Amino acid sequence: MTLGFIVGLIGSACSEGDTQATAVDTGPRTDCAVEAKVRYEKAMAVPEFELPPAIDGSSLADKKFAYVGIISNSVVKQKFEAFKEAVESVGAEAILFDGKGRPDVITQAFGSAIAQKVSGIVTDGYDAAALVPTAVSDANSAGVPVVNANASDPSSPLPDGIAASVAPSVKLMGATQADYALAETNCKLNAITISTSGSQLVIDSAESFVEEVKSLCPDCKAEIEEANTATYATSLAPQLQSVLQRDPAINYIASAAGDNFVPYAIQATSALGREVPIASGEGSGLTDAVKGNSVASSVLWTPGEIMGYFSADAVLRAAVGEPVNVELPIRLVNSSNWGDGNVDGLFGDTNELKRRFKEEVWNGQP
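Scope of this entry: the structure provided in the associated data block.

Parameters at a glance
Residues numbered from 1 in each chain as written. Predicted model: local features only at pLDDT ≥ 70, side-chain atom pairs only at ≥ 80, totals over all residues. Heavy atoms only, no water. Helix = DSSP H or I, 4+ residues; strand = E, 2+ residues; numbered from the N terminus. Rg over C-alpha atoms; globule rule 2.2 N^0.38 Å. Buried < 20%, exposed > 50% of the residue type's maximum accessible area, 1.4 Å probe, protein only. Contact = heavy atoms within 4.5 Å. Areas by Shrake-Rupley, 256 points an atom, 1.4 Å probe, with all protein chains shown as cover. Lys, Arg positive; Asp, Glu negative; His and termini not counted. Charge placed at Lys NZ, Arg CZ, Asp CG, Glu CD. Salt bridge = Lys/Arg side-chain N within 4 Å of Asp/Glu carboxyl O. Pairing = 2+ DSSP bridges. Axes fitted to C-alpha atoms, helices over the stretch in contact; angles between N-to-C directions. Parallel < 35°, antiparallel > 145°, perpendicular 65-115°, else oblique. Left-handed = near helix turned anticlockwise from the far one by under 90°. Nonpolar A, V, L, I, M, F, W, Y, C, P; charged D, E, K, R; others polar.

### Describing the overall build of the protein
Right, so step 1: From N to C terminus, the protein includes 13 helices and 12 strands.
Right, so step 2: Taking 21 Å as the expected radius of gyration for a compact globule of 366 residues, we find that the protein reaches 21 Å, a close match to that expectation.
Right, so step 3: Overall, the C-alpha framework of the protein stretches about 60 × 40 × 35 Å when taken along its three principal axes.
Right, so step 4: Within the protein, the fraction of its 366 residues that count as buried is 58%.
Right, so step 5: Residue pairs in contact within the protein that sit at least 24 positions apart in sequence constitute 78% of those at least 6 positions apart.
Right, so step 6: Surface exposure of the protein reaches about 14300 Å², of which carbon and sulfur atoms provide 48%.
Right, so step 7: Charge centroids of the protein, computed over 25 positive and 46 negative side chains, lie 2 Å from each other.

Put into structure tokens, the structure is as follows:
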């Protein structure tokens, strides 16, 4: 069930719905709303990427590195192509394995990678230590470091057998969604955030949303609405419709799973003729938000091309015995700064970042 949900999360897309809803309270700003706005505005600027220290890339020539994705779709392929470009810049080789959403296939991929004498393995979209612990143990026994990408919040302790982690902060995502909703409602917030037990990333985001609301506005209401990972494609819209009927005062919906739950929230509000703004995230549904639906804000994850480069750096660094955990930046966007919905363009000059990795980090002098 966990694996199936993560597959859906990676391939999520938001569909077009109603005209955009707003929950803006134009009355005098409360201290709570002022503070919430100060917090969320910090996340609206173009992120600055902090590059890690230089390593000696010459020692990595002719090495092989494996990339084991949870599935093979356009998002994973974009990250892998960037990963491949990155490792090839130091003379190494990249090998892609499709996990097909199945632990047995991922285990086989680990075995094949170890047999091919790779110098490191990057996993994408799952915690390898939890999902395929025996495979991780086999890799460690063979002297092959394993790096988790997009598996857990960067603040979480590294699982046994994992050399490093590369991921955006989903806890910061949840808190930023809450800050925006609090400011827009002038701290008269009555919100639900949609979560699921099928993914620790989603749980962390939802809990952070609720904690931030309670911290800034104890009198506000924020509750977690649990989606069924096995049936949410058919059950979530009517479930949310019932929730909104029971509590007509709900004035904000957040999706802790990024864009994955947004279409069902739109279906529910549309069925009731309600305009309830949605705080989304991750970025796959941003184009539809720009066209006009109930998405009022989105907390974007770092684009796949940049993720690929940071994942490459993490495994190259682990291969030379210098692993470093990386927290990738996020960015809050709304109609004032999301432009045409091109996520890549909202994170600065990707080519310049790639140049700096090649010239300053991997070919520099440590």
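### Describing the pattern of salt bridges
Right, so step 1: Per the stated rule, a full pass over the model turns up 15 salt bridges.
Right, so step 2: Residues Arg39 and Glu212 are paired through a salt bridge, measuring 2.8 Å at the closest nitrogen-oxygen approach. In this pair, Arg39 is assigned in helix 2 (residues 31-42) and Glu212 in helix 8 (residues 200-216), connecting sequence segments 173 residues apart.
Right, so step 3: A salt bridge links Glu85 to Lys358; the shortest N-O distance between them is 3.8 Å. Taken together, the residues span a long stretch of sequence, with Glu85 in helix 3 (residues 74-88) and Lys358 in helix 13 (residues 350-362) at a distance of 273 residues.

### As for the environment of Val315
Right, so step 1: Looking at the secondary structure, you find Val315 in helix 12 (residues 304-319).
Right, so step 2: A residue is classified by how much of its surface remains accessible, and Val315, at 0% relative accessible area, is buried.
Right, so step 3: In this structure, the C-alpha to C-alpha distance between Val315 and Gln78, residues 237 residues apart in sequence, is 18 Å.
Right, so step 4: Apart from residues no more than four positions distant in its own chain, Val315 is found in contact with Phe65, Phe83, Gly120, Ile121, Val122 and Val147.

### Concerning the sheet that holds strand 12 (residues 331-333)
Right, so step 1: An order of 7-6-8-9-10-12 is seen for the 6 strands of this open sheet, with the pairing classed as mixed. The two strands at the open ends of the sheet, each matched to only one other strand, are strand 7 (221-226) and strand 12. Neighbour to neighbour, the strand axes of the sheet diverge by 20 degrees on average, direction disregarded.
Right, so step 2: In this structure, strand 6 (residues 190-195) lies alongside strand 8 (residues 252-255), joined through 4 bridges in parallel fashion.

### Quick look at the packing of helix 2 against helix 7 (residues 170-184)
Right, so step 1: At a minimum axis distance of 8 Å, the contact between helix 2 and helix 7 shows a crossing angle of 140 degrees. Our classification of the angle between helix 2 and helix 7 gives oblique. As for the relative orientation of helix 2 and helix 7, their crossing is left-handed in sense. Across the interface between the two elements, Ala33, Ala36, Lys37, Arg39 and Tyr40 of helix 2 pack against Thr176, Asp179, Tyr180, Leu182, Ala183 and Glu184 of helix 7.
Right, so step 2: Of the residues in the contact of helix 2 with helix 7, the class split is 6 nonpolar, 1 polar and 4 charged.

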